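# Summary of the model geometry
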Amino acid sequence: MFQALEKSLENRVILPGTDLYEEKRKVWNGAFDKHPGAIISCETEDDVVKAVNFAQEKDLHIAVRGGGHHIGGFATCDGGVLIDLSNMKSVVVDEERMVAVVEGGATLADIDAETQKYGLATPTGTVSETGIAGLALSGGLGYLRGKYGLTCDNLVGAHVVTTDGQLLSVSQTEHEDLFWAIRGGGGNFGIVTKFEFQLYQVGPEVLALDVIYDQKDAKQILQKAQSYIATAPDEVSFNITMAELPPAPFLPEFLHHKKVVMVGGMYAGDPEVGKACIKPLQELAAPIVDQTGVIPYVALQKKLDAMVPTQIPVYGTSLYFASLEEEMINTLLEKLESAPAPTSLVQLWGLSGQMNQVPVQDTAFSNRDSSFVLLLDLMDMGFGQEVCEQWVNSVYDVLFPFSNKGASYLNGIGENEQAVKKTLAENYERLLICKKKYDPNNRLRHNHNISPK
Ligand SMILES: Cc1cc2nc3c(=O)[nH]c(=O)nc-3n(C[C@H](O)[C@H](O)[C@H](O)COP(=O)(O)OP(=O)(O)OC[C@H]3O[C@@H](n4cnc5c(N)ncnc54)[C@H](O)[C@@H]3O)c2cc1C
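Residues numbered from 1 in each chain as written. Predicted model: local features only at pLDDT ≥ 70, side-chain atom pairs only at ≥ 80, totals over all residues. Heavy atoms only, no water.

Below, the discussion takes up the overall build of the protein. Looking only at helices and strands, the protein features 14 helices and 19 strands. Its C-alpha atoms give the protein principal-axis dimensions of about 65 × 50 × 45 Å. Of all 453 residues assigned to the protein, the portion counted as buried reaches 59%. Approximately 18,000 Å² of the protein is accessible, and the part contributed by carbon and sulfur atoms is 50%. Computing the positive centroid from 37 side-chain charges and the negative centroid from 58, the protein places the two 3 Å apart. (Helix = DSSP H or I, 4+ residues; strand = E, 2+ residues; numbered from the N terminus. Buried < 20%, exposed > 50% of the residue type's maximum accessible area, 1.4 Å probe, protein only. Areas by Shrake-Rupley, 256 points an atom, 1.4 Å probe, with all protein chains shown as cover. Lys, Arg positive; Asp, Glu negative; His and termini not counted. Charge placed at Lys NZ, Arg CZ, Asp CG, Glu CD.)

Shown next as structure tokens:
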């Protein structure tokens, strides 16, 4: 079936039965073991157009791979065509316009490496090997969210290949409906080959918050963090992570197997001014270790990389909270006691500042009134899918009543139809109209799907 495509795309069609196919079909989450009919390793926008036209002609569904990091394993599929953008990683800084032009397969590391050459940055995420595409299309939470908003808030233009094979340039003035939809509506509407992101002066050195507390103080830490965020300066963005530390060689022995609460973050401004602003976050309880200090922005963006496994099965979920109420905190901490493995990572990310000041209807990203989002991951080190999924789902179920309208961060939760509708909420109907216009056959269905049917 793929012979015609092989002719027009030379060496870019990867078929089953080769080592390259085995390598390219893998995604970050080892829980997904899928076999696409063919993988198209695109190098240009024209390659993407050809691959899409082929899928249209043969009536095939399409999966798209940016960085392949979505917890839901969306960047692969069984059968169909996988359009792989991981060779399209170029990043070009336009200093005059203060934008970065970024290809759809770039990672956060690719962007930071180029933009920091000019002392510039755009808001992205916190683990450098993550793909920008999926992250930007469903939000984008990083250390600049308080000062400059989400990644999607900083998109000023894009190139999108729609499922009828058109290459569209979209912005505030061209195909505005599509430009609006790709800022929060995920990969439902077309394949983004190029993003243009607003840039700001950041670094090169920044004040990085990095405190480790004992998990026995978790309740007090969460309550104090809730008080802090109510008046937090926009420059401060911070994440709270509860975990049992692994016996890793890069950690001192006294921390091996220790249950801790890690508070990390950044002050996006003059580090000297920032020191007083972040002090309360260094005093949420008695710290075990405090490595807060001034470091290069690029180093901060890579700091968590060593903690991240790859190709291990991971089960995750997410919920937003308007505030961390005592009963919610008690319920969460109780649930943690029953985790089937010490490999759970429970993160509560503080949400404040610019990201919450964007009116809900301005972009498709719909949750702008929460103060924290839960991102929970359980790494399966041999416990089995059923046990892990059951526990993760039970955490979602017990916390759901405390959540902000049942919404989840769509970049942190696997397939869940209810979460898509509750999260996209008042923007859902408008997104559905866009889906029917730009992808009426639902060729792009390997995502948090907005079904046109
Ligand atoms: C280790 C790790 C750390 C993370 N840290 C953060 C963080 O700090 N902040 C944060 O906000 N999120 C974070 N995330 C979540 C992250 O935002 C999502 O995993 C995101 O989907 C990653 O994008 P990707 O391109 O790698 O994903 P992929 O799995 O490649 O794609 C995700 C979805 O987007 C679609 N897609 C991908 N590329 C395109 C494209 N070019 N055009 C159209 N559709 C496309 C795919 O089809 C799929 O539906 C993290 C995830 C991991 C695994």
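In this structure, the second largest pocket spans a volume of roughly 440 Å³. What lines the second largest pocket is a set of 19 residues, among which Tyr315, Gly316, Glu389, Gly414 and Glu415 lie closest to the centre. Going through the elements one at a time, β17 (314-321) and α12 (385-399) are the ones with two or more residues in the lining of the second largest pocket. Looking at which element gives the most residues to the lining of the second largest pocket, the answer is α12, with six residues. A breakdown of the residues in the lining of the second largest pocket according to their chemical character gives eight nonpolar, eight polar and three charged. (1 Å grid on protein atoms, 1.4 Å probe; cavity = no way out; pocket = protein on both sides within 12 Å on 5 of 7 lines; lining within 4 Å. Points joined across faces, edges and corners; volume = space filled by probe spheres on them. Nonpolar A, V, L, I, M, F, W, Y, C, P; charged D, E, K, R; others polar.)

Our focus in this paragraph is the site of the ligand. Residues in close proximity to the ligand total 33 residues, the closest being Gly68, Thr126, Leu141, Tyr409 and His446. In the model, an oxygen atom of the ligand is placed 3.0 Å from a nitrogen or oxygen of the His69 main chain. At 2.9 Å, a backbone N or O of His70 approaches an oxygen atom of the ligand. Protein contact buries 93% of the 950 Å² of open area that the ligand shows by itself. Secondary structure elements with two or more residues in the shell around the ligand: β3 (62-65), α5 (132-137) and β10 (191-198). (Near = heavy atom within 4 Å. Polar contact = N/O pair within 3.5 Å; in protein donor to acceptor, adjacent residues only side chain to side chain.)

With nine of its ten residues buried, strand β12 (residues 205-214) lies for the most part within the structure. Summarising the sheet, β12 and strand β16 (residues 293-296) pair through four bridges and their orientation is antiparallel. When the bridges of β16 are listed, Glu205 appears paired with Pro296. Of the strand pairs in this sheet, β12 and strand β14 (residues 259-267) are connected by eight bridges, and their pairing is antiparallel. Paired with Leu207 across the strands is Tyr267, a residue of β14. With three bridges connecting them, β12 and strand β15 (residues 287-290) associate as antiparallel partners. Bridge pairing links Tyr213 to Pro287 in β15. (Pairing = 2+ DSSP bridges.)

This next bit is on the pattern of salt bridges. Here the structure, examined in full by the defined rule, presents 23 salt bridges. Between Lys117 and Glu114 there is a salt bridge, with the nearest N and O atoms lying 2.8 Å from each other. Here Lys258 and Asp214 are joined by a salt bridge, their closest N and O atoms 2.9 Å apart. With Lys258 in the loop between β13 (236-244) and β14 and Asp214 in strand β12, the pair connects residues that are 44 residues apart, well separated along the chain. Assessed through its relative accessible area of 17%, Asp214 is described here as buried. Connected through salt bridges with shared partners, the residues Arg12, Glu43 and Asp47 form a single ionic network. (Salt bridge = Lys/Arg side-chain N within 4 Å of Asp/Glu carboxyl O.)

Before going further, it helps to examine the nonpolar core. The biggest cluster of nonpolar side chains holds 85 residues, and the ones touching the most others in it are Val102, Ile182, Phe195, Phe238, Ile240, Met242 and Leu348. Taken together, domain 2 (91-202) and domain 3 (205-421) each give at least three residues to this core, which thus spans both. Ala38, Val81, Leu85 and Ile191 belong to the second largest nonpolar core, which has 22 residues in total. (Core = buried A, V, L, I, M, F, W, Y, C linked by side-chain atoms within 4.5 Å. Domains from an automatic or database assignment.)

What follows is about the environment of Thr310. The residue Thr310 is located in the loop between α10 (297-302) and β17 in this model. What makes Thr310 partly exposed here is its relative accessible area of 49%. Each C-alpha atom of the pair Thr310 and His69 lies 9.3 Å from the other, and the pair is 241 residues apart in sequence.

Look at the UniProt record and you will see "domain: FAD-binding PCMH-type" (unreviewed entry) annotated at residues 32-202. Secondary structure content for residues 32-202 is 22% helix and 26% strand, and the end C-alpha separation is 37 Å. (UniProt positions renumbered as here; feature names shortened; annotations may be inferred.)

This next bit is on the packing of aromatic side chains. Each aromatic ring pair is described using two quantities: the centre-to-centre distance and the angle formed by the ring planes. Going through the model one piece at a time under the given rule, you end up with six aromatic pairs. On the numbers, 5.4 Å between centres and 35 degrees between planes, the contact of Phe2 with Phe54 is tilted. Of this pair, Phe2 sits in the segment before α1 (3-8) while Phe54 sits in helix α3 (residues 45-57), placing them 52 residues apart in sequence. For the pair Phe2 and Phe54, a shared accessibility class is recorded, and that class is buried. On the numbers, 5.8 Å between centres and 75 degrees between planes, the contact of Tyr228 with Phe238 is edge-to-face. Taken together, the positions of Tyr228 in helix α8 (residues 218-230) and Phe238 in strand β13 put the pair ten residues apart, joining distant regions of the chain. Owing to a relative accessible area of 10%, Tyr228 belongs among the buried residues under this scheme. The exposure class of Phe238 is buried, given its relative accessible area of 2%. The rings of Tyr228, Phe238 and Phe372 are connected pair by pair, giving a single aromatic cluster. Its guanidinium or amino end placed over the ring of Phe179, Arg183 lies 3.9 Å from that ring's centre, counting from NZ or CZ. Above the plane of the ring of Trp180 lies Arg430, whose end atom (NZ or CZ) is 3.8 Å from the centre. (Phe/Tyr/Trp six-rings, centres within 6.5 Å; stacked < 30°, edge-to-face > 60°. Lys NZ or Arg CZ within 6 Å of the ring centre and 35° of its normal.)

At the junction of Gly203 and Pro204, the peptide bond is cis and its omega measures out at 5 degrees in the coordinates. By the secondary structure assignment, Pro204 is in the loop between β11 (200-201) and β12. Even without being glycine, Asp59 reaches a positive phi, approximately 60 degrees. Turning to its location among the elements, Asp59 is positioned in the loop between α3 and β3.

Turning our eyes to something else, we now look at α12. With 15 residues, α12 extends 21 Å between its outermost C-alpha atoms, agreeing within 8% with the 21 Å of an ideal straight helix rising 1.5 Å per residue. Those residues of α12 not exposed but buried are Cys388, Trp391, Val392, Ser394, Val395, Tyr396 and Leu399. Elements in contact with the buried residues of α12: β17, α11 (326-337), β18 (344-350), β19 (372-379) and α13 (417-424). (Expected span 1.5 Å × (residues − 1). Contact = heavy atoms within 4.5 Å.)

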